[in-house]
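# Chain and residue survey
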Amino acid sequence: EAKEKGKNTYVVYNEGLLDEAMQEYKLEADLRNAIDHKEFVLHYQPQIDNQTGELAGLEALIRWEHPKLGLLPPGAFIRLAEQNGLITQIGEWVIEEACRQQREWHDQGRKNVTVSVNLSTQQFLNRNLTNFIEQTLQSHGGSPDWLGVEITEYMAMEYEQSVQVLEELKALGVGLSIDDFGTGYSSLNHLKNFQIDFIKIDKSFIQEVTGDHNDAIIVEAIITLAHNLEMKIIAEGVETADQLGFLAHHHCDISQGYLFSRPLPPKEITKEWLK
Ligand code: C2E
Ligand code: MG
Ligand code: MG
Ligand code: MG
């Protein structure tokens, strides 16, 4: 029942715990063992080509199958992992798991699709990142088009190293996406200095795109400008046919959202989308 309403309803992890400090403490102690106990899982959300209606890619979104608290969304533990440094290990697990899953799908002769993973700031700034991705792909006999990475505008703009990191990743051949675009302060004009493949328009703009004139203007402008810079546009959080209609009419390339599918566990994504 909680699942029906989406991510805002994953509040069960609050119940029955004495106070917030206790909860944080326990969660932190548990988090330290979660990788070893194989408690993380990647769910996958389809990205749909607006012209063909075909599957264009998958975004991998981490969940924690906590033995007592149930399925926890990233909002419940990623910030904690960033604070205590566990995020680097978790982030490496995500890349490893995405490659392992791709290997499995590949061996089963499934449709080839890129799986995009979300990077944390610490991961993005870790000097070993490109190496790690390259070696992980290699150890699974994969190719760079198996993987894409999503970073936020903030990560791209705020750090001097980001130009170099993005160049390294680009040279390796993995896809580059800017996530949550429009929520930061950067302009596409700055982003043209990086070889970004995809701009993901934040779902807050998509939500009101058919009702709020300003949001419509902003979305149109982002699409046009991105295309002029030879980037593709992915709309996040597409929930209604009207939103999709608007986006397709304005030549947005790809849509992702509950209209097509929620993020699904591996078994279901395989059965429903990679037949
Ligand atoms: P994000 O990368 O922007 O991911 C999109 C979020 O929007 C996901 O939430 C997804 O479930 C949700 N979503 C998708 N379609 C719709 C829709 O139509 N309507 C609405 N309202 N929401 C939709 P989720 O899975 O809870 O992830 C939240 C954030 O956690 C992600 O935002 C990403 O920033 C972060 N995250 C997820 N997985 C990882 C990971 O492996 N590593 C790191 N560092 N961060 C991650
Ligand atoms: Mg993302
Ligand atoms: Mg996003
Ligand atoms: Mg987001």
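The rules we used
- Residues numbered from 1 in each chain as written.
- Chains lettered and ligands numbered in written order.
- Predicted model: local features only at pLDDT ≥ 70, side-chain atom pairs only at ≥ 80, totals over all residues.
- Heavy atoms only, no water.
- Near = heavy atom within 4 Å.
- Polar contact = N/O pair within 3.5 Å; in protein donor to acceptor, adjacent residues only side chain to side chain.
- Areas by Shrake-Rupley, 256 points an atom, 1.4 Å probe, with all protein chains shown as cover.
- Helix = DSSP H or I, 4+ residues; strand = E, 2+ residues; numbered from the N terminus.
- Donors = N, O, S within 2.8 Å, 3.2 Å for Na, K, Ca; no water.
- Buried < 20%, exposed > 50% of the residue type's maximum accessible area, 1.4 Å probe, protein only.
- Pairing = 2+ DSSP bridges.
- Salt bridge = Lys/Arg side-chain N within 4 Å of Asp/Glu carboxyl O.

### Description of the site of ligand 1
Near ligand 1 there are 23 residues, and of these Arg63, Asn118, Asp179, Glu239 and Tyr258 occur at the shortest range. At a separation of 3.0 Å, an oxygen atom of ligand 1 approaches a polar side-chain atom of glutamate 59. Contact between ligand 1 and lysine 203: an oxygen atom at 2.9 Å from a side-chain N or O atom of the residue. Considering ligand 1 on its own, with 800 Å² of exposed area, one finds that the protein chains cover 87% of that surface. Among the elements that line the shell around ligand 1, the one with the most residues is strand E2 (residues 55-66), at four residues.

### With respect to the coordination of the magnesium ion (ligand 2)
Around the magnesium ion (ligand 2), the protein supplies Glu59 (OE), Asn118 (OD1), Glu150 (OE) and Asp179 (OD) as donor atoms, at distances of 2.0 to 2.2 Å. Binding-site remark: the magnesium ion (ligand 2) is held by donors from one chain whose sequence spacing is E-x58-N-x31-E-x28-D. Metal-to-metal, the separation of the magnesium ion (ligand 2) and the magnesium ion (ligand 3) is 4.1 Å; aspartate 179 coordinates the two. Here asparagine 118 is found in strand E4 (residues 115-118), whereas its partner aspartate 179 is found in strand E6 (residues 175-181), with 61 residues between them in sequence. For aspartate 179, a relative accessible area of 7% puts it in the buried group.

### Describing the coordination of the magnesium ion (ligand 3)
Coordination of the magnesium ion (ligand 3) by the protein comes from Asp179 (OD), Asp180 (OD), Glu236 (OE) and Glu236 (OE), over a distance range of 1.8 to 2.8 Å. If you list the donors of the magnesium ion (ligand 3) from N- to C-terminus, the spacing comes out as D-D-x55-E. You can call glutamate 236 buried: its relative accessible area is 8%.

### So, the pairing of strand E7 (residues 198-201)
The two faces of a sheet get side chains in turn, since along a regular strand they alternate between them. Examined bridge by bridge, E6 and E7 share three bridges and lie parallel to one another. Residue serine 177 lies in a different strand from E7, and its bridge partner there is phenylalanine 198. Pairing analysis gives four bridges linking E7 to strand E8 (residues 232-235), with the strands arranged parallel. Looking at E8, one finds that phenylalanine 198 is bridged to lysine 232.

### With respect to the pattern of salt bridges
Taken as a whole and judged by the stated rule, the model has eight salt bridges. Between arginine 32 and glutamate 28 there is a salt bridge; the shortest N-O distance is 3.0 Å. Here arginine 32 pairs with glutamate 28, and both are found in helix H1 (residues 20-34), just four residues apart, close to one helical turn. Residue class for arginine 32 comes out partly exposed when judged on its relative accessible area of 45%. Taking the shortest distance from any N to any O, the salt bridge between arginine 100 and glutamate 104 comes out at 2.9 Å. You can see arginine 100 and its partner glutamate 104 sitting in helix H3 (residues 87-107), four residues apart, about one turn around the helix. Taking the relative accessible area as the measure of exposure, glutamate 104 reaches 32% and is therefore partly exposed.

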